[in-house]
Amino acid sequence: MHLPHRREYCFPAVGVLYGGHEALKVTKFKNYLIQFFPGGVKVEVEEGSSLLEAARRAGYLLRTECGGRGTCRRCKVQIQAGEVFTAGIPNLSVKERAQNYTLACLARITGDLEVRIPSKSEFSFSPEALPTELSPGEHPGREITSLSLPVDPLVRVLQVQVPVATQQDNASDFDRLCRALTKSGLSEPIQADLSVLRRLPSFLRENKGTLRLLLKPGPEGTEILDLWQDSKINPYGMALDIGTTTLFARLLELSSGEVAAETSDFNWQIPCGTDIIHRIVHAGKPDGLKELRRLVVDATESLVDQMVKDTHTTRDQIVAVVLAGNATMEHLFLGIEPRFIREDPYTPAVTRFPSLTAAQIGLNLPPFAPVVISPCVASYVGGDITAGLLAAGVHRDERLTLYVDLGTNGEVALGNRDFLTACACSAGPAFEGSGVRSGMRALLGAIDQVQSDPKGQLLFRVIGGGSPQGICGSGLIDLLAQLHATGRITARGKFNREADPERIRGAGRRAELLLVNTGQMDDSSEIVISETDLDNLIRTKGAIFAGIMTLLKGVGLEASAIQRVVIAGGFGRYLDVESAIRIGMLPDLPRNRFEYIGNGSLRGAGLALLSGRLRQELDEISRRITYFELSTWPGYMDEFMAALFLPHTDISLFPSVQGRQ
Ligand code: FES
C-alpha cells in the first residue's frame, strides 16, 4: 500500500493507517528496500518504520535536536525516488516540499525509496566536528603524584619468584605462590580464578618459578586475574566518559599513569532520542533497553578499536576500566531499567554499583578486567558529577568551590573539604540547541561566539569557519548578553523593534530577529532568534542561577563567599564568563576565580583508575553530598522567578553589570 508523499496523517503503531477520514487496514507488514546517498548504502526495513530509524540502520546518524518531534528541521532529507507517509505536519517551506524534502523523523516507510541525506543533516564523525574536550597534555599519573599519592592502579603487574617444590617444602603450587605474594606485601586472602589455577602448574615449571602476575590488589585481599608470559608488554586501563551526546575514552598506561591515546565519538544512541528523557522513553519500548545498551557498548568498542590501532597494543592489554556518566547513561550501559528516573519521586535503580567485570557488561576485553562505575548521588546528579568533583579536588580544597556542569540539566555542586551539596537545575536543553529554533550543539558550523562592534553590529564566530548552520550554547549566551547590551531586547527578553527595525520582524510570540541573512548559508534557511527562544534561554539561565542561590542559601552563605568557580561540560570551553555574568547565569565574582576544567568526568575516571585512595574518595564524595531536590525545595521557585530577568530582579547581586547598564 503506497500512500501519497507528504500527505498529513497520524500513524498508530499497530497496523492501522488513518488517511484523512479513511482508515486503511494493513494486515501484514512488508519489507522495503531503502537506499541512501551519498554512499548508496541499502537497507531493508519493515513497512511503517521511520525513515530516521532506517537511516540509522544503514549507518547514517542524522541530527535530531528536537528529539524527533518534527520541529527542529535538522533531520531534513530529500526523497529522490519513491514516496513516504508523513506522520504529522512537517515544518518545511513550500519550496522545500516541492523539492521533495521531508523530515526523516516524521516520514514512515511505505515503499522502496532512494533518499539523499544533505551533509548538514548528518552528524559528522570527523574529529573536528566533535566537541574538543580532550586535553592530550594531561598526565594523570603526575597529577596523582602531585597530591603526594602513589600511582596505585586498579590492576597491576607483579613479577614474583615462587620457590621450587622440594621434599621439605611440598606445599601446593598455589600455597607457595601465596607465600611469595604475602612476602611482597600484598594483602590476604589471596584468591585466583579457576582459569588461573588450571594454568598454574605448567606455567610455574616452564618459567622456572618466575611468574608475571596480573593482580587486583585491595584492602580486603588480592585477586590473581591472569598469568602473563611476555615480559615486554604493559598493562593499560581505559577511562570512559559516557555522555548523552558524546563518548570520550582515554587509554592510560597503568604503571606510569601516562595517556597513551584518547578518542571520542557521538553516542550512537542519539537516533533513539537526543536527551535522557527520550532515551528513557525509548528504553520502555519492546527491546528498547536492549537496543540502547547494544548501541552504547558498540560505540565504546569502536573507541577501543581506534585506541588499540593508534597505540599498536592489543585488547588483551586493556585490563581495567573506570566508567563515568550521568545516572541514566550508567543505567543504560548496564542494561538496568531507567524508567523511574523520570517518574516522581525520581528514583534511580542504583547509585553505587557493585564490582563488575568486562565479561559481565559485555565489553570485548579480557573477561576478568574489573570495571568500576562512578557512583551517582541521585537521578539527576550522576557519576559524571562525582568524577568531576574528584578531578577538581573540591572535596580536598578548603576554598568554597562552585562546580557547574553545563549540560542538559545544569548540575551544580557547592562545597569544600568540610561539606558538599549538589542539585540538578532542570535547566532544559536550550543551551544544547534544543528548544531554540536555530540552536545546535557546539559542532562544526555552530556560531559559538557573538560580539558587537562599536556601532552595535553583531559579529559572529563559527566553529571551523565557513557558513553558519546554527548557534550553540556559548553563542546563545553571548547573543543574549549582546542583544541586551545593544538595547535590542529588554531586561524581560522582549524585542525593542526600534533598536533594529531592519532585523526585528513579526509581533508578539512570533517576533524574531534575523541573525544571518538568507543567502549567507548554503541553503535557503535563515538563522533567527525568536521571542519564544529568548524566553527559553532566560528560563534556562534562570534555572541555573536559582540552583546556585538555593544551594548557597541552604548552607547559609552568600555568593561572595565563593572562592573558586569550576566550569565543566560540553560547551564550557567556549563559554565567555563575562557574558554568562551579564545575563545573570553565573554569580558576579572576580573573574580570576573562574576556571575551566575540561572534561571533568573523564579526568575523574582516569584518576580513579590509577589510585586506590582516589577510588575510595570517589565513593566518599557520593556519600557525602547532600542532594537538594529542587522540585520540592522551599524557596527554589521564588529564586527562579527572581532570576527571569536580565541579569536579575535584584540588580545589587550584579554590581559589575549594574555599572554598565
Ligand atoms: S525535525 Fe526531525 S528530529 Fe527534529
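Computed from a predicted model, the values in this text were never measured in an experiment.

Next up on the list: the domain arrangement of the chain. Size of an interface, as often reported, equals the accessible area lost when the parts are brought together. In terms of domain boundaries, the chain breaks down into domain 1 (8-122), domain 2 (156-228), domain 3 (393-429 + 538-653) and domain 4 (430-517 + 524-533). Between the C-alpha centres of domain 1 and domain 3 the distance comes to 41 Å.

Looking now at the sheet that holds strand E11 (residues 156-161). As summarised here, the arrangement of the four strands in space is E11-E13-E14-E12, forming an open sheet in which the pairing is mixed. Strands at the two margins of the open sheet, each flanked by one partner only, are E11 and strand E12 (190-192). Here the average twist between neighbouring strands, direction ignored, is 40°. Two strands pair when backbone bridges link them, and E12 and strand E14 (residues 221-228) are joined in this way by three bridges, in the parallel orientation. Of the residues in E14, the one forming a bridge with Ala192 is Ile224. The strands touched by helix H5 (residues 194-206) within the sheet are E12, strand E13 (210-218) and E14, with E14 carrying the most contacts at an inclination of about 60°.

This part covers the nonpolar core. Counting residues in hydrophobic clusters, the biggest one holds 189 residues, and the most contacted among them are Leu51, Ala104, Val321, Leu323, Val412, Ala605 and Ala608. Ignoring sequence-local partners within four residues, the contact set of Ala104 consists of Ser50, Leu51, Leu52, Ala55, Leu62, Cys75 and Val77.

The next point concerns the environment of Tyr636. Its place among the elements puts Tyr636 in helix H16 (residues 636-642). Each C-alpha atom, one on Tyr636 and one on Thr550, is 6.1 Å from the other, the two residues being 86 residues apart in sequence.

In this section: the packing of helix H10 (residues 383-392) against helix H14 (residues 600-610). For the pair H10 and H14, interaxial distance at closest approach is 7 Å and the crossing angle is 75°. The angle between H10 and H14 places the two elements in the roughly perpendicular class. Residues Asp384, Ala387, Gly388, Leu390, Ala391 and Ala392 of H10 form the contact with H14, whose participating residues are Gly600, Ser601, Arg603, Gly604, Ala605, Leu607 and Ala608. Here the residues of the contact of H10 with H14 sort into seven nonpolar, four polar and two charged.

Looking now at the packing of H10 against helix H15 (residues 612-624). Between H10 and H15, whose axes approach to 9 Å, the crossing angle comes to 125°. Taken together, H10 and H15 sit at an angle that is classed as oblique. Between H10 and H15 the crossing geometry is right-handed. On H15, the residues touching Thr386, Ala387, Leu389 and Leu390 of H10 are Leu614, Glu617, Leu618, Ile621 and Ser622. Broken down by class, the residue content of the contact of H10 with H15 amounts to six nonpolar, two polar and one charged.

Reading the values: the criteria
- Residue numbers restart at each chain and count upward from 1, following the sequence in its written direction.
- pLDDT decides what is reported in this predicted model: residues at 70 or higher carry local features, side-chain atom pairs at 80 or more are listed and counted, and totals for whole chains, interfaces and linings draw on all residues regardless.
- Boundaries between domains were set according to an automatic or database domain assignment.
- Strand pairing follows a simple DSSP-based rule, namely that at least 2 bridges must link the two strands.
- For helices the rule is a DSSP run of H or I covering at least 4 residues; for strands it is a run of E covering at least 2, with both sets numbered from the N terminus onward.
- Helix axes use the C-alpha atoms of the stretch in contact, all axes being lines fitted to C-alpha atoms, and the angles between their N-to-C directions lie in the range 0 to 180 degrees.
- Here the contact rule is simple: place C-beta atoms from the backbone, and any two residues whose C-beta atoms are within 7 Å are in contact.
- Residues enter a nonpolar core if they are buried, belong to Ala, Val, Leu, Ile, Met, Phe, Trp, Tyr or Cys, and are joined to the set through C-beta atoms within 7 Å.
- With C-beta atoms placed from the backbone, a residue is buried if 20 or more other C-beta atoms are within 10 Å of its own, exposed if 12 or fewer are, and partly exposed between those counts.
- Just so you know how the angles are binned, under 35 degrees is roughly parallel, over 145 roughly antiparallel, 65 to 115 roughly perpendicular, and the rest oblique.
- In this classification, the charged set is Asp, Glu, Lys and Arg, the nonpolar set is Ala, Val, Leu, Ile, Met, Phe, Trp, Tyr, Cys and Pro, and all remaining amino acids, among them Gly, are polar.
- Crossing handedness follows the turn of the near helix against the far one: under a right angle anticlockwise gives a left-handed crossing, and clockwise gives a right-handed one.

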